Amino acid sequence: MAAKPPAGDPVQDAPDVTAPQHAAAGLPAVAHSLRMAQQQMGVRRTALTLLKVNQKDGFDCPGCAWPEPEHRHKAEFCENGAKAVAEEATLRRVTPDFFAEHPVSDLARRSGYWLGQQGRLTQPMYLAEGADHYVPVPWERAFDIVAQELHALASPDEAVFYTSGRTSNEAAFLYQLFARRLGTNNLPDCSNMCHESSGSALTETIGVGKGSVLLEDLYRADLIIVAGQNPGTNHPRMLSALEKAKQQGAKIVTVNPLPEAGLERFKNPQNARGLAGSGTALTDLFLQIRLGGDQALFRALNRMLVEAGAVDRPFIDEHTHGYEEFAAAARTTDWDEVLRATGLERAEIDRLLAMVLDAKSVVVCWAMGLTQHKHAVPTIKEVVNFLLLRGNIGRPGAGVCPVRGHSNVQGDRTMGIFERPAPAFLDALEKEFGFAPPREHGLDVVRAIRALRDGTAKVFFAMGGNFVAASPDTAVTEAAMRNAALTVHVSTKLNRSHVITGSRALILPTLGRTEKDTQAGGDQFVTVEDSMGMVHASHGALRPASPHLLSETAIVCRLARATFGDDTAVPWAALEADYDLVRDRISRVVPGFDDFNTRVRHPGGFTLPHAPRDSRTFPTATGKANFTTSPVEYPAVPEGRLLLQTLRSHDQYNTTIYGLDDRYRGIKGGRRVVMVNPADAEALGLPDGSYADLVGEWTDGTERRADGFRVVHYPTPRGCAAAYYPETNVLVPLDHTADTSNTPASKSVVVRLERTAPVHGS
Ligand SMILES: Nc1nc2c(c(=O)[nH]1)N[C@H]1C(S)=C(S)[C@@H](COP(=O)(O)OP(=O)(O)OC[C@H]3O[C@@H](n4cnc5c(=O)[nH]c(N)nc54)[C@H](O)[C@@H]3O)O[C@H]1N2
Ligand SMILES: Nc1nc2c(c(=O)[nH]1)N[C@H]1C(S)=C(S)[C@@H](COP(=O)(O)OP(=O)(O)OC[C@H]3O[C@@H](n4cnc5c(=O)[nH]c(N)nc54)[C@H](O)[C@@H]3O)O[C@H]1N2
Ligand SMILES: [Mo]
C-alpha cells in the first residue's frame, strides 16, 4: 500500500545546500523515481504502470512533449516522467469527507505542495455563494449551474475558457467548438505563458509556428545549439537524443546562464555504461550568457557570417526575403553592446563561430530561457535569421526546434485552442458544423486576468492547469479570480486554483491519461501531438481513480447539452459516445488530419505536414522565409539590483511540486532559495546561507515582495539571479510581458535583495 499523505503541511523550508552536480540521470535517477512512484502507488502498481508509458499500445507520458523514438526501450520513460505518472496514478484520494473536514479558508493557507499531495479528486464538488466548504454535487446539477451562469451573461465574451496542455486532441477540439458555439474566442491557454513567443516569431518568419525538425534531424546534425533550456530536468528523454547525436558526430553548444548538469554529462539509465559508468559528455562549448543576452549573441554571429560571406547565397536568393536590409543592419552591430548584453568574451563567440563554419547542418533548440523575456520574439527571430543565413532549414539535420512543455500543448493549438484563430480554421469549422463562429479575437492569459480584474469577464472555466498559481502577479491574479461570479476547474488533482475562487466555484474531477476511458460506444483512446508534430494514440490502462470521474470529452459534451439543449449543429451525445466520430470531424476541419482514424491506428501514428521542413515552402505574407531586422535589446538592470529568472527545480512539474529537492543543483529540503553570483552576494552583504526578501521593482514605481529566501552562492553570471516558480510569480508584474506574444517575462524580473533574519530558526 502506498504511504498516506503527510498530515500537516510538510513545507518546512530549511534548504540544505551542497555543490551542484556535473552529470544527470544514471542510477540515482532510477532509484529516485522508483521511490517516489512507490510512495504514491505501491510496488505492484508502479511496475505495471511504468511499463506502459510511451509504448505503442500504452499511454502517452503526461510529462513533457518530447517525441518517442522509433525503437523504444522496454522502459521508455525518464525519472521525471515516472514522477508525472506517479502523481496521477497515486492511490491517495481526496473525497467529500476531506472537503467536509477542511474549509476553503483553511485550504487557502496551505502550500501548493500540500494540496497536490492529498491525492486524486473523486467527485464533483460545489462551493455555494458565501459557503466555506465544498459539498458534493451530482454531475447534471453541476452542468446546469454552469449553463445557467453562461446564459445569464450579457455576452458570451464575459466567459473565459482556459486550457492547460495535457488535454487530448479530441477533448480540445470539442472544447474550442463549445466556446465558439457559445460565441466567444476567449480561449487562453498555458501556451500564452510558454512558447507563444516561438509561435509569433516562427509564424512571421517561416510561416509555421512549430518546430521544423524530427528526431532524425537531431541525429544527423553536425551542430546542435541548446539555448535557454534545461533538458536534464524538463525533457530528460532529450538527453538520449543528444547522446545519440553526439555518438554520430554532432557537436553541442549550450547557451545558458547556469551550468545545467544534464547538459554537461548524461548517464543514460537505459544502458549499463550510463547506469554504472561515467556516461557521455554532451556539451562541447558552454556559453554562460547573461539573462536576456541571446538576441545580441545571435546578432553578433550573424554579423560575422555576413561579413565573412559565409552564407548560402542560392538558398537566400531562392527562398528568402529581406536579406539585404538585414545584412546592412547586421554589419552595424556594436561589439561593445554585444559583450555587455551577453557577458561573454569575444573569444568565446569566435569559438562558436568556428563551430558554425565547420557545420554543414545546424539545429537550434530552445525553451523558456528564450521565450519569457520582453524581447523574446525578436530574440527568436534572430535565431531564425541565423539559420536562414546558411540555409539551415528544410533539409536533413537542420532547423528550428522549440521544445514544447506540456505533453499535448502543441496538439491543443492545432485543434483550435487559440484566442486568435486563423480565418481559414473558422471557415472550415463553419462549413463542417453549419454555424457562424465568432471572428473577433479573444482574450489571452494576461488579458483574461485584466478582464476578470475589471469585471468585464465573469465566468472562468479551466480545462486543466492551475491558472492562479501559474499566472504572473499572484496577488493581482488572485484578486481577479475572486472577482469572478463563477470559477470552474476540470482537474485531476487539488490545487490552489480550487481554493482562490469566484463567488461560486465548481471542481469537476476528470480521468487522467493513464486511465481507461469507457463510453457508451465502448473503450476509447485519445490522441496527442508531440513537439515534433507526430500524432499518435494514447490508451489509458488503469482503473479510474473513482467511479464518479468523467473524461474531459464527456464533460464538454454534457456541458454542451446542458447549455444548448437540442443542438442542431453538433451531435454532442454521439461524439461523447464514440471518439472516432470526433476524429472524423477533426479530419475535415484541421489540415493534415485526412484519414485520421486509420492513420492514427498505425503503430507510432503519423507526422503532420510542415511546409518549410517538407518542401522549403514558406506560407508567410511574402511567400518566402523572412529575414527580420529588429533593434538589439537586452534588459536594463539598475545599480545594486539583480535580474531574476524564475525557473523549475528538478522536483516539480510546473505548479505541481513532487518534492523539495533540486538534486542536480545541490539543493535539498526547501524551495525558497535564491541563487546569486558569489561576487554580487558579497557586494550586497549576503553570505551563503543568509536570508533575504526579494523585492520586485517595476517601472511604474510599484513594488512586489516575496519573503524569506535562503541565499545560495551559485555559478550564475554577475547581475543575474534565479529562484523557483511558482513561489516567485508574485514578483512578475502583470504588465511585464513579451512584445507581440504578450507572454509574461518571467525570466527577467528586476529585484532588490533585502537581508532578513533566518527563517524557521535555521
Ligand atoms: N520535470 C518537469 N518537466 C517539465 C516541466 C516541469 O516543470 N517539470 N515543465 C514543462 C513545461 S510546461 C515547459 S514549458 C518546459 C520548460 O523547460 P525549460 O525551459 O527547460 O524550463 P525552465 O526551468 O524554465 O528553464 C529555463 C532554462 O533556461 C535558462 N535561461 C533562463 N533565462 C535565460 C536566458 O535569458 N538565456 C538563456 N540562454 N538561457 C536562459 C535557465 O537557466 C534554465 O536552464 O518543461 C516541461 N517539462
Ligand atoms: N514565473 C513563472 N511562471 C510560469 C512559468 C515560468 O517559467 N515562470 N512557466 C509557464 C509555463 S511554461 C506554463 S506551461 C504554465 C503552466 O500552467 P498550467 O498548465 O496551468 O499549470 P500546471 O501546473 O501544469 O497544472 C497542474 C494542474 O493540472 C491538473 N491536471 C493534471 N493533469 C490533468 C489532466 O489530464 N486533465 C485535467 N483536466 N487536469 C489535469 C492538475 O489538477 C494539476 O494541479 O506556467 C507558466 N508560469
Ligand atoms: Mo510550458
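Residues numbered from 1 in each chain as written. Chains lettered and ligands numbered in written order. Predicted model: local features only at pLDDT ≥ 70, side-chain atom pairs only at ≥ 80, totals over all residues. Heavy atoms only, no water.

**Structural notes on the site of ligand 1**
By nearness alone, 31 residues border ligand 1, and N256, E260, D294, Q652 and N654 come closest of all. Take N256: an N or O atom from its side chain is 2.6 Å from an oxygen atom of ligand 1. Measuring from a nitrogen atom of ligand 1, one finds a side-chain N or O atom of D294 at 2.7 Å. Taking 920 Å² as the accessible area of ligand 1 by itself, protein coverage stands at 99%. Contributing elements (two or more residues each) for the shell around ligand 1: α11 (231-234), α20 (368-371), β25 (642-647) and β26 (652-653). In the shell around ligand 1, the residues fall into 11 nonpolar, 16 polar and 4 charged. Inspection of the shell around ligand 1 shows a minimum of three residues originating in each of domain 3 (196-406) and domain 4 (642-756). (Near = heavy atom within 4 Å. Polar contact = N/O pair within 3.5 Å; in protein donor to acceptor, adjacent residues only side chain to side chain. Areas by Shrake-Rupley, 256 points an atom, 1.4 Å probe, with all protein chains shown as cover. Helix = DSSP H or I, 4+ residues; strand = E, 2+ residues; numbered from the N terminus. Nonpolar A, V, L, I, M, F, W, Y, C, P; charged D, E, K, R; others polar. Domains from an automatic or database assignment.)

**Topic: the site of ligand 2**
Around ligand 2, the structure places 30 residues, and the nearest of them are Y162, S164, E552, T655 and Y725. Here A470 contributes a backbone N or O atom positioned 2.7 Å from a nitrogen atom of ligand 2. A total of 920 Å² of accessible area belongs to ligand 2 in isolation, and the protein chains cover 96% of it. Of the residues assigned to the shell around ligand 2, the class counts are 9 nonpolar, 16 polar and 5 charged.

**Here we look at unusual backbone geometry**
Between Y725 and the following residue, P726, the backbone shows a cis peptide bond with an omega angle of 5°. Inspection of the secondary structure assignment puts P726 in the loop between β32 (720-724) and β33 (749-756). Of note in the backbone geometry, A25 takes a positive phi value of approximately 70° without being a glycine. The topology assignment puts A25 in strand β2 (residues 24-25). By relative accessible area, which is 15% here, A25 ends up buried. Backbone geometry places D595, a non-glycine residue, at a positive phi of 60°. Counting through the fold element by element, D595 comes out in the loop between α29 (579-589) and α30 (596-599). For D595, a relative accessible area of 49% puts it in the partly exposed group. (Buried < 20%, exposed > 50% of the residue type's maximum accessible area, 1.4 Å probe, protein only.)

**Considering the environment of S741**
Locating S741 in the fold gives a position in the loop between β32 and β33. Among the residues examined, S741 registers a relative accessible area of 2% and is labelled buried. For S741 and T563, which are 178 residues apart along the polypeptide, the C-alpha to C-alpha distance reads 33 Å. With residues up to four places along the chain from it excluded, the contact list for S741 reads E196, S197, S200 and V377. (Contact = heavy atoms within 4.5 Å.)

**A few points about the nonpolar core**
Counting 59 residues, the largest nonpolar core has F161, F173, F461 and L508 as its most contacted members. Looking at which element gives the most residues to this core, the answer is helix α8 (residues 169-182), with 8 residues. (Core = buried A, V, L, I, M, F, W, Y, C linked by side-chain atoms within 4.5 Å.)

**So, the packing of aromatic side chains**
For the structure on display, the rule yields 20 aromatic pairs. Ring plane angle 40° and centroid distance 5.9 Å describe the contact between Y175 and F461, whose orientation is recorded as tilted. Placement of the pair is Y175 in helix α8 and F461 in strand β16 (residues 459-463), with a sequence separation of 286 residues. Here the two residues Y175 and F461 agree in accessibility, since each one is buried. Between the NZ or CZ atom of R181 and the centre of the ring of F435, over which it lies, the distance is 4.9 Å. One residue, R346, lies across the ring of W335, its end atom 3.8 Å from the ring centre. (Phe/Tyr/Trp six-rings, centres within 6.5 Å; stacked < 30°, edge-to-face > 60°. Lys NZ or Arg CZ within 6 Å of the ring centre and 35° of its normal.)

**Side note on the UniProt feature "domain: Molybdopterin oxidoreductase" (unreviewed entry) in the protein chain**
The UniProt feature table records "domain: Molybdopterin oxidoreductase" (unreviewed entry) at residues 120-491. Its end C-alpha atoms 9 Å apart, residues 120-491 is made of 48% helix and 14% strand. (UniProt positions renumbered as here; feature names shortened; annotations may be inferred.)

**Brief notes about the environment of A142**
Positionally, A142 belongs in helix α7 (residues 139-152). C-alpha of A142 to C-alpha of D358: the two residues are 216 residues apart in sequence and 62 Å apart in space.

**Here's the deal with the pattern of salt bridges**
Applying the stated criterion across every chain, the model contains 53 salt bridges. Between R303 and E307 there is a salt bridge; the shortest N-O distance is 3.0 Å. Of this pair, R303 and E307 both sit in helix α15 (residues 294-307), 4 residues apart, which is roughly one turn of the helix. Overall, the relative accessible area of 16% leaves R303 in the buried class. Of the residues examined, E307 reaches a relative accessible area of 41% and is grouped as partly exposed. In this structure, the salt-bridge partner of E478 is R496, at a minimum N-O distance of 2.8 Å. (Salt bridge = Lys/Arg side-chain N within 4 Å of Asp/Glu carboxyl O.)

**Examining the sheet that holds strand β11 (residues 280-281)**
Taken in spatial order, the 3 strands of this open sheet run β2-β10-β11, and their pairing is mixed. In the strand order of this sheet, the two ends are held by β2 and β11, each with one partner. Here β2 runs beside strand β10 (residues 265-267); their pairing, made up of 2 bridges, is parallel. In the strand pairing of β10, A24 is matched with F266. (Pairing = 2+ DSSP bridges.)

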